[in-house]
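# Structure assessment
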Amino acid sequence: MSKTIDGAMLSRMVIHGAACINAQKQGVNELNVFPVPDGDTGTNMSLTIGAAATELKKKKPATAGETAVVTASALLRGARGNSGVILSLLFRGFSKAIKEKEVIGGREFAIALDFGVAAAYKAVMKPAEGTILTVSRLAARRAAEAARENDEPEFVIEEALKEGHAALDNTIHQNPVLKKAGVVDAGGKGFLIILQGMLDELRGVPMPEEEGACEPQEKADFATLTDEEITFTFDTVFIVRKSGKSIEPFRAYLNSIGDSLVIGEDDEAFKVHVHTDIPGEALSEAQKYGTLELAKIENMRTQYEDMAAGRTPQSTDDLDMEACGNHPMPSSEPAAPEKKYGFVSVCAGDGLAAVFTDLGADFVVSGGQTMNPSTEDILKEVHKTPAEVVYVLPNNKNIIMAAQQAARMVTDKKVVVIPTATVPQGISAMMVMDPEAEEEDNTAAMTEAISRVHTSQVTYAARNSDFDGFQITEGDYLALSENQLFDTDKDLNLLLEKLAQAERQQNAEFINIFYGEDVTEEDAQSAAEIFRQACPHAEVSLLPGGQPVYYYMISAE
């Protein structure tokens, strides 16, 4: 048994863990508490840690501490869904515990696990038992006990896994929803798969074949740009180890000599991205605020010429690489404020996106039940929004944490996350927005507006199940009311009639029906007529949503 873990080994362990969750993500996805095709925990966790695996392969950090920091940073940017965000927090705390270590033993690994659990619990407002939090906490507790018995990493991780699996098996009894569905917690399962992969690497077990953890990013069409659109010549990125001096004067200086300024920082260092004509002076000024560690300077005009001509541009090692990309795209650079308020909304479906755009959304992030956007996906659109205050509407309960994490990473503008759990809530929030009102008043009005919206959704069962008294057969139509199972039927029209007769719809003044990508306009008109007949006192509107998964998305106010 190896008594220590160095940077190279820890990198391989994380990469192995990423490969394992990628190979088993569908099994984790299928641990749903509802029999609808919205299981994405495995996918979210795979994409989240896959971002770290990609970064580690490129950077090859030397020490265990550096590996942990690179991993945590990539996970933070790539986090998708609640499970991905919590996974990123577990590694964030892990990295804080060992960031100064060249190598770690079992004791340090156990301490790092405990730091990770503390970071995750601190970030979750109402932690519930029977989740990934429970599994990771008990695994970390056993790791600490095991380290006192035997300090070898392999023994410590093995014991943590044993306790973790026992805790996972118990989640079915801790969480009433899991108990009804007869499944264990998907996030906890994913965490243990990753931890097992890390142990397998330590033991020399071959890595599973990866299915392609990272899809290629779309590339900008540089041929459509012009040289005049490049205001400053040099794209300048550098990292400075902090001296303890406030960097606010430096921020003001950089704003005076360039644009597209972004400064990210943690406790130890800050990273600058700026476009300027005098990069040398920017670097010289930076040294008044700490020790310059890394820098890259690239001529954007010559790069533009190469790209427009179809040539591969010459480039330094890019310090600002995306998890799966190369040079940061111009569209991701922060926009200067041109107005007081801006909006970033999340939804899936061209029709729904058009509704948000018509209501004034600056950018719409594609995402929903089957594919949650990452923290970085949301962050990019926030940076592009030319406003002093940017409201983010996640429109899905599983995207709220990623949106909140993105908001904490923004330094150049204020970001307010309105916790919209459904698309209709997001639409209602935007409809009450007053561009002349104060921020606090708008936030209160939007929050109050979403409380008045009742959302129903109609989809189908992905598999046979017995849930909450309902015998469900694969292919049955399902109606969800506020994300709770309302009823099932083999006849879609009969199910719509039941939904229309429900109290919320009967008492509504306005009913909006958004029909999905698999619904014809003729069928949608028939569905709308069912609601008009059943709810004569309501104003019923029918709109093409184009959303996947859900045949109908219905709001009642």
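## Side note on the confidence of the model for the chain
Taken over all residues, the pLDDT of the chain has a mean of 84, while the share at 70 or more is 85%. Low pLDDT, under 50, characterises residues 211–227; the predicted model gives this stretch 27 contacts beyond four residues in sequence or across chains. In this model residues 315–332 is a low-confidence stretch, pLDDT under 50, and it forms 47 contacts with partners more than four residues away in sequence or in other chains.

## Here's the deal with the pairing of strand 5 (residues 339–347)
The buried fraction of strand 5 amounts to seven of the nine residues, a majority that puts the element mostly inside the structure. Two elements, strand 5 and strand 7 (residues 387–393), share six bridges in a ladder whose sense is parallel. For Lys 339, the partnering residue across the bridge sits in strand 7 and is Ala 387. One ladder, built from four bridges, connects strand 5 with strand 6 (residues 363–366); its direction is parallel. In the strand pairing of strand 6, Ser 345 is matched with Val 364. As for the winding sense of the linkage, the β-α-β connection from strand 5 through helix 14 (residues 350–358) to strand 6 is right-handed.

## Digging into the packing of helix 3 (residues 41–59) against helix 4 (residues 64–78)
For the pair helix 3 and helix 4, interaxial distance at closest approach is 8 Å and the crossing angle is 135 degrees. When the interaxial angle is binned, helix 3 and helix 4 end up oblique. In this structure, the crossing between helix 3 and helix 4 has a hand that is right-handed. Two secondary-structure elements touch here, helix 3 through Leu 47, Thr 48, Ile 49, Ala 51, Ala 52, Glu 55, Leu 56 and Lys 59 and helix 4 through Thr 67, Val 70, Thr 71, Ala 74, Leu 75, Arg 77 and Gly 78. Of the residues belonging to the contact of helix 3 with helix 4, the class tally is eight nonpolar, four polar and three charged.

Cut-offs and rules
- Residues numbered from 1 in each chain as written.
- Predicted model: local features only at pLDDT ≥ 70, side-chain atom pairs only at ≥ 80, totals over all residues.
- Heavy atoms only, no water.
- pLDDT = per-residue confidence, 0-100.
- Contact = heavy atoms within 4.5 Å.
- Buried < 20%, exposed > 50% of the residue type's maximum accessible area, 1.4 Å probe, protein only.
- Helix = DSSP H or I, 4+ residues; strand = E, 2+ residues; numbered from the N terminus.
- Pairing = 2+ DSSP bridges.
- Right-handed = clockwise from strand over helix to strand, strands pointing away.
- Axes fitted to C-alpha atoms, helices over the stretch in contact; angles between N-to-C directions.
- Parallel < 35°, antiparallel > 145°, perpendicular 65-115°, else oblique.
- Left-handed = near helix turned anticlockwise from the far one by under 90°.
- Nonpolar A, V, L, I, M, F, W, Y, C, P; charged D, E, K, R; others polar.

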